[in-house]
Amino acid sequence: MFYQTQHFGLSEYFQKESGKNFSFPMHTHHSFEFIMIMEGSMTVSAGNNKYELKAGEGILIFPEQLHSLESTESEHTLVIFSADIVSAFYSKHSSELPKCAKIKIPSYLMSEISKLDAQSSIIRLKGVLYSLCAVFDEKTEYVKKYTLEKGLIQSIFAFVEKNFDKGCTLDDLSNTIGYNRSYLSRYFSEYTGMSFVSFVNQYRISRACYMLKNSDKTVLECAYECGYMSLRSFNRNFKLYVGISPKEFRAAK
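Below: a short report on this structure. What you see is a predicted model, and the numbers here were worked out from it, not measured in a lab. (Residues numbered from 1 in each chain as written. Predicted model: local features only at pLDDT ≥ 70, side-chain atom pairs only at ≥ 80, totals over all residues. Heavy atoms only, no water.)

**So, the packing of helix 2 (residues 107-115) against helix 3 (residues 122-139)**
The following threshold applies: A fitted line through C-alpha atoms represents every axis, and for helices the fit uses only the stretch in contact; the resulting angles, taken between N-to-C directions, go from 0 to 180 degrees. The secondary structure listing takes helices from DSSP runs of H or I that are at least 4 residues long and strands from runs of E that are at least 2 residues long, numbered from the N terminus. Working rule for handedness: look at the near helix, and if it is turned counterclockwise from the far one by less than a right angle, call the crossing left-handed; if clockwise, right-handed. The criterion used for residue contact is that any of the two residues' heavy atoms lie within 4.5 Å. Residues were grouped as follows: Ala, Val, Leu, Ile, Met, Phe, Trp, Tyr, Cys and Pro as nonpolar; Asp, Glu, Lys and Arg as charged; and all remaining residues, including Gly, as polar.
At a closest axis distance of 10 Å, the pairing of helix 2 and helix 3 adopts a crossing angle of 145 degrees. The crossing of helix 2 and helix 3 is left-handed. Contact with helix 2, carried on its side by Y108, L109, E112, I113 and K115, involves R124, V128, S131, L132 and V135 of helix 3 and no other residues of that element. The class makeup of the residues in the contact of helix 2 with helix 3 is six nonpolar, one polar and three charged.

Given below as structure tokens:
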């Protein structure tokens, strides 16, 4: 699954998926995202915090909160839903973020979330998701949001999503959105805690992982389609972020 940011934030938007060994680089969107682990473990970064999630645990990501997912052995259920579905909860905490976003999920709630699908009525969706928010609210402390220039980070992520397979440098970004290159570099590092180049590489490798698992394309084809003009560079970056070579990654499926 790849995040389609243009759909997030629509009134009463809801999407659910389940899968194994899912990873995705740093990103943000306008909706809530809840990840619960069914088996194994997953590392989730949210803001400046990193969480190790195990079976029976979950994490609630708030709208506009930067986060990334990394897992090599896990089964998960991931739910994305707009703030409008839980408007009372969001209104209460719209200027805040959770101090600790990880919770132990009651078994009854795991079961109810697992039963949700695209055909579920809005009343059922709201009932289950408000129950989730209530459990989360009881176990969580909050801190005030630290915000930078609103909207700019979304423009940067949208640019990378559109251009990761070709020119995707800071100069390209600067020319496209009309901001000074040095300012963009400082802004992105301050907002995400990583360099723009590192983020682009993580995004490209994440897309390559998807291709290797879900297509018959060669390693070279995956490298080219993810913006790498050199197989050597692709292999080096792949091993840096994934820990094994592309061939080893594909063989493990």
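**Brief notes about the pattern of salt bridges**
What counts, and what does not: Here a salt bridge means any side-chain nitrogen of Lys or Arg lying within 4 Å of a carboxyl oxygen belonging to Asp or Glu. Here the term buried applies to any residue with accessible area under 20% of the maximum for its type, exposed to any over 50%, and partly exposed to those in between, with areas from a 1.4 Å probe on protein chains only.
For the structure on display, the rule yields nine salt bridges. Residue K20 is joined to E75 by a salt bridge in which the shortest nitrogen-to-oxygen separation is 3.9 Å. Taken together, the residues K20 in strand 1 (residues 14-20) and E75 in strand 7 (residues 74-81) connect sequence positions 55 residues apart. For K20, a relative accessible area of 59% corresponds to the exposed category.

**Describing the packing of aromatic side chains**
Test applied: Only Phe, Tyr and Trp rings take part, Trp by its six-membered ring, and two of them pair if their centres are within 6.5 Å. Stacked means planes under 30 degrees apart, edge-to-face means over 60, and tilted covers everything else. Counting as a charge over the ring demands two things of the Lys NZ or Arg CZ atom: a distance within 6 Å of the ring centre and an angle within 35 degrees of the ring normal.
Taken as a whole and assessed by the stated rule, the structure comprises 21 aromatic pairs. Following the ring pairs from residue to residue traces out a cluster consisting of F22, F24, F157, F164, F188, F196, F199 and Y203. Looking at R204, its charged tip hangs above the ring of Y228, at a distance of 5.7 Å from the centre. Stacked on the ring of F249, the Lys or Arg K213 has its end atom at 4.5 Å from the ring centre.

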